[in-house]
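Tertiary structure, described
Letter by letter, the chains look like this.
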Amino acid sequence: MKIGFLTAYNSERIAFAEKNGFSSVELLVAANRNDKFYPGQKDWKRYAAEIRNEFENSGVYITSVGGFYLNVLDEKKQAAMTAEVKNTVLLARELGSKVACGFSGRVMGEELEKSLPRYKKIWTPLAKFASENGIKIGFEHCPMGRNHLPPGGNNAMC
């Protein structure tokens, strides 16, 4: 069993993990943070390779990459969110991880079952893209409910 935690990239966090016996992390990434290793940035693959080597040399492994945390089923954000899922998949592949994680989304203001047709329409091609890149999709089960906004949550997988 690997024990790890969710963290953004930071050399000090890698050292902390190594020093305290953690063997893995879920690497938190986001398009809006302008990480040099995020797909679309100049030379992102080179930076991703450097980070991958840094983790491998420490003995702390990136078991998954977490990067899509908005409502993927929101029609107004569809293009941006689809790109974010795909970029998380591409980054996971470059970092040597096998899993890209985030939220599944949901149709807001409707009963959960109303999300299923849109869920299938959006996630079927995204799952295929992930599979073609050797990556599995992992849905985090944060309810995004009472203590999060919007009320009722935007994550069907909870």
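Now for a look at the structure at hand.

Reading the values: rules and limits
- Residues numbered from 1 in each chain as written.
- Predicted model: local features only at pLDDT ≥ 70, side-chain atom pairs only at ≥ 80, totals over all residues.
- Heavy atoms only, no water.
- Salt bridge = Lys/Arg side-chain N within 4 Å of Asp/Glu carboxyl O.
- Buried < 20%, exposed > 50% of the residue type's maximum accessible area, 1.4 Å probe, protein only.
- Helix = DSSP H or I, 4+ residues; strand = E, 2+ residues; numbered from the N terminus.
- Right-handed = clockwise from strand over helix to strand, strands pointing away.
- Pairing = 2+ DSSP bridges.

1. What about the pattern of salt bridges?
- For the coordinates displayed, the defined rule picks out seven salt bridges.
- Residues Arg 46 and Asp 43 are paired through a salt bridge, measuring 3.8 Å at the closest nitrogen-oxygen approach.
- By relative accessible area, which is 43% here, Arg 46 ends up partly exposed.
- For Asp 43, a relative accessible area of 39% puts it in the partly exposed group.
- Measuring nitrogen to oxygen at the nearest pair gives 3.3 Å for the salt bridge that ties Arg 46 to Glu 50. In this pair, Arg 46 and Glu 50 both sit in helix H2 (residues 44–58), four residues apart, roughly one turn of the helix.
- The network of salt bridges with shared partners includes Asp 43, Arg 46 and Glu 50.

2. Remarks on the pairing of strand E2 (residues 24–28)
- Most of E2 is tucked away, with four of its five residues classed as buried.
- Note that the unit made of strand E1 (residues 4–8), helix H1 (residues 11–19) and E2 has a crossover that is right-handed.
- The sheet contact formed by E2 and strand E3 (residues 61–68) spans five bridges and is parallel. Each bridged residue has a counterpart across the sheet, and for Glu 26 the counterpart in E3 is Ser 64.
- The handedness of the E2 to E3 crossover, carried by H2, is right-handed.

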